[in-house]
Amino acid sequence: MIHHHPGDELLLPLAAGRLAVGPALVVNAHLEACAECRDRVRTLQAIGGALVEDAEPVALAPEAWGRTLARIDAGGAPPARRRRSPPAPLPLPAGMAWPAALSGCTTRGWRWMGPGMRYARLASPQDPDAKLYLLRISAGRSLAQHSHRGMELSQVLVGAFADGRATFAAGDFDVTDDDVMHQPVVAQDAECVCLAYIEGSLSFAGPLASAVGRMIGV
Ligand SMILES: [Zn+2]
């Protein structure tokens, strides 16, 4: 049972194809797990389509059609083929499969970030600079307390964590921003794997955690 979902402030731009690559990837990973949000996106797309149909036609600039034909004649890069392969070999917890949203992403694999804590930086072919991460934290471990400069999106892929606001389990989606200072603690019974997008940067409490944050690049 999924309890935490992305809001319309994310689903609406996603439905319109206007959400940036990094956040779209995390929201799409949520949609794979959540029929309720897939329905919501379909509804938003239908509303968007109806609005376009109702809109008054606007005259194109006289040269617009010529430019379009010129672009077609010039060819251009073929559309990227959507690869269904998972990111470069990353060991997974038993029984877990990577979301299809990660297709085409590459990674250099798990890196140590503390006792019982590993991370993997993901590079999306559409935007290699988007700060996308997989976090894999052992049962009972906690991330350092931190706040955010900008938005942080997380999709729980396996396991669960709690941070004082709520418990987030597999399938749940979380958004934090400048107003949230939290310390995610992984449940005692199983490790937790999350997909995360960090828009700005994280601000850690304490010099050691700050050093780890700089190492990871957040
Ligand atoms: Zn949902």
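Residues numbered from 1 in each chain as written. Predicted model: local features only at pLDDT ≥ 70, side-chain atom pairs only at ≥ 80, totals over all residues. Heavy atoms only, no water.

## Things to note about the confidence of the model for the protein chain
Here's step 1: With 79% of its residues at a pLDDT of 70 or more, the protein chain shows a mean pLDDT of 83.
Here's step 2: Predicted confidence in the protein chain is weakest over helix α4 (residues 64–73), with a mean pLDDT of 63, and strongest over helix α2 (residues 21–33), with 97.
Here's step 3: Scored below 50 in pLDDT, residues 76–84 shows six contacts in the model against residues more than four places distant or in partner chains. (pLDDT = per-residue confidence, 0-100. Helix = DSSP H or I, 4+ residues; strand = E, 2+ residues; numbered from the N terminus. Contact = heavy atoms within 4.5 Å.)

## Quick notes on the environment of proline 125
Here's step 1: With respect to the helices, strands and loops of the structure, proline 125 is situated in the loop between β3 (117–124) and β4 (127–137).
Here's step 2: Given the relative accessible area of 49%, proline 125 is considered partly exposed.
Here's step 3: A C-alpha to C-alpha distance of 9.4 Å links proline 125 and serine 103, two positions 22 residues apart in sequence.
Here's step 4: Not counting chain neighbours up to four residues away, the residues in contact with proline 125 comprise Gly104 and Cys105. (Buried < 20%, exposed > 50% of the residue type's maximum accessible area, 1.4 Å probe, protein only.)

## Considering a negative patch on the surface
Here's step 1: There is a patch of like negative charges on the surface, built from Asp177, Asp178, Asp179 and Glu199.
Here's step 2: Assignment of secondary structure puts aspartate 177 in the loop between β9 (173–176) and β10 (185–186). (Patch = residues over 30% accessible without salt bridge, like charges linked within 9 Å, V, L, I, M, F, W, Y side chains within 5 Å. Areas by Shrake-Rupley, 256 points an atom, 1.4 Å probe, with all protein chains shown as cover. Salt bridge = Lys/Arg side-chain N within 4 Å of Asp/Glu carboxyl O. Lys, Arg positive; Asp, Glu negative; His and termini not counted. Charge placed at Lys NZ, Arg CZ, Asp CG, Glu CD.)

## Description of the sheet that holds strand β8 (residues 167–169)
Here's step 1: Spatial strand order, β8-β7-β10: three strands in an open sheet with antiparallel pairing. What marks the edges here is a single partner per strand, and that holds for β8 and β10.
Here's step 2: Pairing of strand β7 (residues 160–162) with β8 involves three bridges; the strand directions are antiparallel. Of the residues in β8, the one forming a bridge with alanine 160 is alanine 169. (Pairing = 2+ DSSP bridges.)

## So, the nonpolar core
Here's step 1: Counting 36 residues, the largest nonpolar core has Val27, Trp98, Leu134 and Leu195 as its most contacted members.
Here's step 2: Listed by contribution, the elements that provide at least two residues to this core are α1 (8–15), α2, α3 (35–54), β3, β4, β6 (152–158) and β11 (192–198).
Here's step 3: Take this core: its biggest share by element is six residues, from α2.
Here's step 4: Look past the residues within four positions of leucine 134 in its chain and what remains in contact with it is Leu90, Trp98, Leu102, Trp110, Arg118, Tyr119, Ala120, Leu122, Leu157, Cys194 and Leu195.
Here's step 5: By size, the runner-up hydrophobic cluster in this structure holds 15 residues, among which are Leu143, Phe161, Val186 and Cys194. (Core = buried A, V, L, I, M, F, W, Y, C linked by side-chain atoms within 4.5 Å.)

## Re the packing of aromatic side chains
Here's step 1: Applying the stated criterion across every chain, the model contains three aromatic pairs.
Here's step 2: When the centroid spacing of 6.4 Å and the interplanar angle of 40° are considered together, the rings of tryptophan 98 and tryptophan 110 count as tilted. Of the two residues, tryptophan 98 is situated in the loop between α4 and β1 (106–107) and tryptophan 110 in the loop between β1 and β2 (111–114); the sequence distance between them amounts to twelve residues.
Here's step 3: Judged by relative accessible area, which is 11%, tryptophan 98 ranks as buried.
Here's step 4: With centroids separated by 5.2 Å and ring planes inclined at 25°, the aromatic side chains of phenylalanine 161 and phenylalanine 168 adopt a geometry described as stacked. An identical accessibility class is assigned to phenylalanine 161 and phenylalanine 168; each is buried. (Phe/Tyr/Trp six-rings, centres within 6.5 Å; stacked < 30°, edge-to-face > 60°.)

## Considering the coordination of the zinc ion
Here's step 1: For the zinc ion, every protein donor is listed as His5 (ND1), His30 (NE2), Cys34 (SG) and Cys37 (SG), and the spread of their distances is 2.0 to 2.3 Å.
Here's step 2: Taken together, the four donor atoms coordinating the zinc ion span angles of 100 to 120° at the metal, a pattern that classifies the geometry as tetrahedral.
Here's step 3: For the zinc ion, all donor residues lie on one chain, and their spacing in sequence is H-x24-H-x3-C-x2-C. Comparing histidine 30 with cysteine 34 shows no difference in burial state: the two are buried. (Donors = N, O, S within 2.8 Å, 3.2 Å for Na, K, Ca; no water. Tetrahedral: all angles 85-135°; square planar, octahedral: opposite > 155°, others 65-115°.)

## Brief notes about α2
Every α-helical turn comprises 3.6 residues, leaving residues that sit three or four positions apart pointing alike.
Here's step 1: If you check α2, its first and last C-alpha atoms are 19 Å apart, about what 13 residues at 1.5 Å a residue would give, namely 18 Å.
Here's step 2: Residues of α2 that are buried: Gly22, Pro23, Ala24, Leu25, Val26, Val27, Ala29, His30 and Leu31. (Expected span 1.5 Å × (residues − 1).)

## A word on the packing of α1 against α2
The description of two packed helices rests on the angle between their axes and on the distance between the axes.
Here's step 1: Direction vectors running N to C along α1 and α2 enclose 100°, while the axes themselves pass 11 Å from each other. As judged from the angle between their axes, α1 and α2 are roughly perpendicular. Of α2, the residues touching α1 (which contributes Leu10, Leu11 and Leu14) are Ala24, Val27, Asn28 and Leu31. (Axes fitted to C-alpha atoms, helices over the stretch in contact; angles between N-to-C directions. Parallel < 35°, antiparallel > 145°, perpendicular 65-115°, else oblique.)

## Things to note about α1
Here's step 1: Within α1, the full set of buried residues consists of Leu10, Leu11, Leu14 and Ala15. When α1 is viewed along its axis, its buried side chains cluster within an angular range of 125° and face the same direction. (Arc of directions from axis to C-beta.)

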